[in-house]
Amino acid sequence: MKPVALVIKDLCVSYGKTAALLDVGIEVQDGQIVSIIGANGAGKTTLLNSITGCVPIQRGTITYNGEAVCSKPHKVVRQGIVQVPEGRRTFSGLTVEENLMVGAYLTKSRGEVAGMIEEMYVLFPRLKERRKQHAATLSGGEQQMLAIARGLMSKPKLLLLDEPSLGLAPLVVDSVFDTIRSISRSGITVLLIEQNAIKAMKLSDYCYVLKNGRVDIQGTGAALLANDQVLQAYLGKN
Ligand code: ATP
């Protein structure tokens, strides 16, 4: 078994009096793709935001490779954890290439940045074609690709993806999932939030189903795909 990289224990997060996460425990092994699925409002984004220090935690611990994860977003990136937020959030007034450069802010060497950009263009040939185009004028799928590529420019060891397939046409969704598979094969560990539960289960080594801020069901992707309770409760299938 590979070492457990990310360990979250007894995590509780509230917004004022509203509890968003209650005693959540999650483990992600090195090299795995792990998915968090669940209905709207289940607490999925809050979970990612608490890992990257974007929301304060009330209780519990988050460790990465045995060390406490810093609660400041910029320090979390230095620990190798990079979040690609929901809604893509590229810099709309910057070109594709400028967006990629922003992602490489931790790398000082210009030559190294140029080399990393070329690597991104191999992974995302469409971005190479659009390198001088403003991000605002890209299609939804292209913006998602750019958001992921910009995250990769920070050289993550653990990539957190928040609903990368949201609002994309089915063929583009397939291409995003293929990309996640390639990223994983390149040695990057992936924690994925997805509403597209079936695709997430097929892609993932392990899945957690969140319900009302708690882990309701967990198991390998294959086990959840064969679990009637999951199919009925979350996918409306009998
Ligand atoms: P979705 O799939 O709709 O994005 P989610 O599973 O990611 O949902 P969260 O966004 O984590 O869920 O929200 C969990 C709960 O916390 C929800 O009830 C939500 O209304 C609440 N919540 C989230 N952010 C805030 C906030 N900034 N202030 C107050 N309540 C919040």
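Heads up: the structure comes first, above all this text.
Residues numbered from 1 in each chain as written. Predicted model: local features only at pLDDT ≥ 70, side-chain atom pairs only at ≥ 80, totals over all residues. Heavy atoms only, no water.

Colleague: I'd like a rundown of the overall build of the protein, residues and numbers included.
Modeller: Counting secondary structure elements, the protein contains 10 helices and 10 strands. Against the 2.2 N^0.38 benchmark of 18 Å for 238 residues, the protein shows a C-alpha radius of gyration of 18 Å, consistent with a compact globule. Dimensions along the principal axes, computed over C-alpha positions, put the protein at roughly 50 × 40 × 40 Å. Evaluated residue by residue, the protein yields a buried proportion of 49% over its 238 residues. Long-range contacts, defined as pairs at least 24 residues apart, comprise 66% of the intrachain contacts of the protein with a sequence gap of at least 6. In the structure as shown, the protein presents an accessible area of about 11,400 Å², 52% of it carried by carbon and sulfur atoms. Once the 27 positive and 21 negative side-chain charges of the protein are each reduced to a mean point, those two points are 4 Å apart. (Helix = DSSP H or I, 4+ residues; strand = E, 2+ residues; numbered from the N terminus. Rg over C-alpha atoms; globule rule 2.2 N^0.38 Å. Buried < 20%, exposed > 50% of the residue type's maximum accessible area, 1.4 Å probe, protein only. Contact = heavy atoms within 4.5 Å. Areas by Shrake-Rupley, 256 points an atom, 1.4 Å probe, with all protein chains shown as cover. Lys, Arg positive; Asp, Glu negative; His and termini not counted. Charge placed at Lys NZ, Arg CZ, Asp CG, Glu CD.)

Colleague: A description of helix H6 (residues 140–152) should follow, citing residues and the corresponding values.
Modeller: In this model H6 runs 18 Å from its N-terminal to its C-terminal C-alpha over 13 residues, within 8% of the 18 Å that 1.5 Å per residue would give. A large share of H6 lies buried, amounting to 12 of its 13 residues. Regarding H6, the residues found buried are Gly 141, Glu 142, Gln 143, Gln 144, Met 145, Leu 146, Ala 147, Ile 148, Ala 149, Arg 150, Gly 151 and Leu 152. Those residues of H6 that are buried are in contact with strand E6 (81–84), helix H3 (96–103), helix H4 (110–123), helix H5 (125–129), strand E7 (158–162) and helix H7 (170–185). (Expected span 1.5 Å × (residues − 1).)

Colleague: Which residues make up the site of the ligand, and what are the values?
Modeller: In the neighbourhood of the ligand, 13 residues make up the surrounding shell, with Asn 40, Gly 41, Lys 44, Thr 45 and Thr 46 lying closest. Interatomic distance of 3.1 Å between a backbone N/O atom of Ala 42 and an oxygen atom of the ligand. Take Gly 43: an N or O atom from its main chain is 2.9 Å from an oxygen atom of the ligand. The protein chains hide 59% of the 630 Å² of surface that the ligand would expose on its own. Counting residues per element, the shell around the ligand draws most heavily on helix H1 (residues 44–51), which supplies 3 residues. When grouped by side-chain class, the residues that make up the shell around the ligand number 4 nonpolar, 6 polar and 3 charged. (Near = heavy atom within 4 Å. Polar contact = N/O pair within 3.5 Å; in protein donor to acceptor, adjacent residues only side chain to side chain. Nonpolar A, V, L, I, M, F, W, Y, C, P; charged D, E, K, R; others polar.)

Colleague: So what's going on with the sheet that holds strand E1 (residues 4–15)? Which residues, and what values?
Modeller: Pairing is antiparallel in the open sheet, where 4 strands are placed in the order E2-E1-E4-E5. Each end of this open sheet is capped by a strand with a single partner; those strands are strand E2 (18–29) and strand E5 (67–68). Where E1 and strand E4 (residues 59–64) come together, 5 bridges link them in antiparallel fashion. Paired with Leu 6 across the bridge in E4 is Tyr 64. In the packing of H1 onto the sheet, contacts are made with E1, E2 and E4, and the angle to E1 comes to roughly 115 degrees. (Pairing = 2+ DSSP bridges. Axes fitted to C-alpha atoms, helices over the stretch in contact; angles between N-to-C directions.)

Colleague: I'd like a description of the sheet that holds strand E3 (residues 33–38), backed by residues and values.
Modeller: On the basis of which strands lie adjacent, the open sheet formed by 6 strands has the order E6-E7-E8-E3-E9-E10 and mixed pairing. The open sheet has two free edges, formed respectively by E6 and strand E10 (214–220), since each of these has just one partner strand. The mean angle between the axes of side-by-side strands here comes to 15 degrees, regardless of whether they run parallel or antiparallel. As judged from the 5 bridges shared by E3 and strand E9 (residues 206–211), these two strands associate in the parallel manner. By the bridge assignment, Ile 36 is partnered in E9 with Tyr 208. Across the sheet, H7 lies against E3, E7 and strand E8 (189–194), angled at about 155 degrees from E8, the strand it touches most.

Colleague: Tell me about the side chain of Glu 163, and please be specific about residues and values.
Modeller: Structurally, the position occupied by Glu 163 is in the loop between E7 and H7. We note that Glu 163 is buried and unpaired, the nearest opposite charge coming from Lys 44 at a distance of 4.2 Å. Ignoring sequence-local partners within four residues, the contact set of Glu 163 consists of Lys 44, Glu 86, Gln 144, Ile 193, Glu 194 and Gln 195. (Salt bridge = Lys/Arg side-chain N within 4 Å of Asp/Glu carboxyl O.)

Colleague: Which residues make up the pairing of E8, and what values do they have?
Modeller: Taking burial as the measure, the 6 residues of E8 include 6 buried ones, the bulk of the element. Burial along E8 is two-sided: the face carrying Thr 189, Leu 191 and Ile 193 and the face carrying Val 190, Leu 192 and Glu 194 are both buried. In the sheet, E3 pairs with E8 via 5 bridges, with the strands oriented parallel. From the neighbouring strand, Ile 36 faces E8, where its bridge partner is Ile 193.

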